[in-house]
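Each chain, letter by letter, is given below.
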Amino acid sequence: MVKAVLAKVIENRPEDAVAFLADYFENFGDKPNKISQAHQQLVLTHHSRPAFEGNVRAAYDILSQFRVSKSLQGLNGVAYTELLQLICSGFPEDVKEKLMKKIGCRDNEVVPFNVFRAAIFTCFVLQDYIKQAEQLFHALDIQKTGTADKVLCETTLNQLFLAVSSSEHGIDTKTVLDAAYSLGPDRLYLALNKAVSPTRGSRGTTTCDEFVISAVDSFLLKVCPLT
């Protein structure tokens, strides 16, 4: 067991090795079930780091010990869904519901690794995306009241939609540059400056949850059903 833990430290290279080990052993002792063990593997490192690929495989192998039928062993839809729900536990309920419509599956289905991997990456990328959307909203909430001007929010969301839509025909250098340009400070400043023109009247306010859900809708347009 000690060798396995040390191997995880070497693979994931955490910034705080002591905290990493403490979390590992705490989770190992308190959450012995396979769903939690798989989740523990996935949160060992950020999804952008190379070690995450190995962690995804390790999580899949843990869940593949379930029985799909009397003669078939593998990852079934029940365990798959429970893991995704655990990863997305901090998401707004509306977001979870929309996401599961894209990447969910039936309880009796066998989930192959490529589907599992795609779903896991989608969940963790969306997790980061939601955090960024929340930060963007807080920047628009100038008075720090928990609401922001609706015109500013709609303008920002439109720029975000343009950035996401620019990759509609595939990811290449041009689409990446177009997406970055749509959300660049200069382009965003021009759009917001036009939106707050004195000739435009007030159109109410938007809450953080409303802003995030609208932002997620743009994200989910790029998520294809996995099964």
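Starting from 1, residues in each chain are numbered consecutively following that chain's sequence as written. At least 70 in pLDDT is required for a residue's local features to be given in this predicted model, at least 80 for side-chain atom pairs to be given and counted, and no such filter applies to totals for whole chains, interfaces and linings, which use all residues. Processing note: side-chain calculations cover all non-hydrogen atoms of the structure and skip hydrogens and water entirely.

Colleague: Could you clarify how one ought to interpret the packing of helix 5 (residues 77–87) against helix 6 (residues 93–103) in this entry?
Modeller: Describing two packed helices takes the angle between their axes plus the distance from one axis to the other. Geometry is summarised by axes, namely lines fitted to C-alpha atoms with helices restricted to the contacting stretch, and by angles between N-to-C directions that run from 0 to 180 degrees. Secondary structure follows DSSP: runs of H or I at least 4 residues long count as helices, runs of E at least 2 residues long count as strands, and numbering of each begins at the N terminus. One way to put it is that helix 5 packs onto helix 6 with a least axis distance of 11 Å and a crossing angle of 145°. As for how helix 5 packs across helix 6, the hand of that crossing is right-handed. Between helix 5 and helix 6, the residues in contact are Y80, T81, L84 and Q85 and K96, M100 and I103, respectively. A breakdown of the residues in the contact of helix 5 with helix 6 according to their chemical character gives 4 nonpolar, 2 polar and 1 charged. Crossing handedness: left-handed means the near helix sits turned counterclockwise from the far one by under a right angle, and right-handed means the same turn made clockwise. Here, residues are in contact when the closest pair of their heavy atoms is within 4.5 Å. Residues are grouped as follows: Ala, Val, Leu, Ile, Met, Phe, Trp, Tyr, Cys and Pro are nonpolar; Asp, Glu, Lys and Arg are charged; every other residue, Gly included, is polar.

Colleague: How do you make sense of a negative patch on the surface when you look at a structure like this?
Modeller: Within the patch definition used here, like charges are joined within 9 Å and nonpolar side chains (Val, Leu, Ile, Met, Phe, Trp, Tyr) within 5 Å, considering only residues with over 30% relative accessible area and no salt bridge. In these tables, accessible area is a Shrake-Rupley quantity obtained with a 1.4 Å probe, and a residue counts as shielded only by the protein chains included in the view. In what follows, salt bridge is the name for a side-chain nitrogen of Lys or Arg lying within 4 Å of a carboxyl oxygen of Asp or Glu. Neither His nor the chain ends is counted toward charge; the positive residues are Lys and Arg and the negative residues Asp and Glu. For the purpose of locating charges, the reference atoms are NZ of Lys, CZ of Arg, CG of Asp and CD of Glu. A cluster of acidic residues, D94, E134, D209 and E210, forms a negative patch on the protein surface. By the element assignment, D209 lies in helix 11 (residues 208–220).

Colleague: How should the packing of aromatic side chains be read in this particular structure?
Modeller: Geometrically, a pair of aromatic rings is defined through the distance of the ring centres and the angle of the planes. In this analysis, rings of Phe, Tyr and Trp, with Trp reduced to its six-membered ring, are considered paired at centre separations within 6.5 Å, and the interplanar angle assigns stacked below 30 degrees, edge-to-face beyond 60, and tilted for intermediate values. Under the criterion given, the structure shown has 6 aromatic pairs. With centroids separated by 5.8 Å and ring planes inclined at 50°, the aromatic side chains of F137 and F211 adopt a geometry described as tilted. Of this pair, F137 sits in helix 7 (residues 113–140) while F211 is found in helix 11, placing the two residues 74 residues apart along the sequence. Here the aromatic residues F52, F121 and F124 are joined through ring pairs into a cluster of three or more. Above the ring of F113, the side-chain terminus of R57 is found at 3.8 Å from the ring centroid. Sitting over a ring, as applied to charges here, requires NZ of Lys or CZ of Arg to be within 6 Å of the ring centre and within 35 degrees of the ring normal.

Colleague: Is there a simple way to explain helix 4 (residues 51–63) in this structure?
Modeller: An α-helical turn contains 3.6 residues, so any two residues separated by three or four positions project in the same direction. A helix's residues, less one, multiplied by 1.5 Å, set its expected span. Its 13 residues give helix 4 an end-to-end C-alpha distance of 19 Å, which sits within 8% of 18 Å, the value for a rise of 1.5 Å per residue. Only protein chains enter the area calculation, which uses a 1.4 Å probe; residues under 20% of their type maximum are buried, those over 50% are exposed, and those in between are partly exposed. Within helix 4, burial applies to A51, F52, N55, V56, A59, Y60, I62 and L63.

Colleague: I'm lost on the pattern of salt bridges in this one. Help?
Modeller: Side chains bearing opposite charge may pair, as long as their charged atoms lie close to each other. Going through the model one piece at a time under the given rule, you end up with 6 salt bridges. With a shortest N-O distance of 3.9 Å, K101 and E97 are connected by a salt bridge. Taken together, the residues span about one helical turn, with K101 and E97 both in helix 6 at a distance of 4 residues. Judged by its relative accessible area of 66%, K101 falls in the exposed class. Owing to a relative accessible area of 48%, E97 belongs among the partly exposed residues under this scheme.

Colleague: What is the right way to read the nonpolar core from this model?
Modeller: Definition used in this section: a nonpolar core is a set of buried Ala, Val, Leu, Ile, Met, Phe, Trp, Tyr and Cys residues joined via side-chain atoms within 4.5 Å. By size, the foremost hydrophobic cluster in this structure holds 49 residues, and its most contacted members are L42, Y80, I103, F116, I120 and L126. Elements with a contribution of two residues or more to this core: helix 3 (34–42), helix 4, helix 5, helix 6, helix 7, helix 8 (150–165) and helix 11. Per element, the largest residue contribution to this core is 13 residues, and it comes from helix 7. If we ignore the near neighbours within four places in the chain, the residues touching L126 are F91, V95, L99, V216 and F219.

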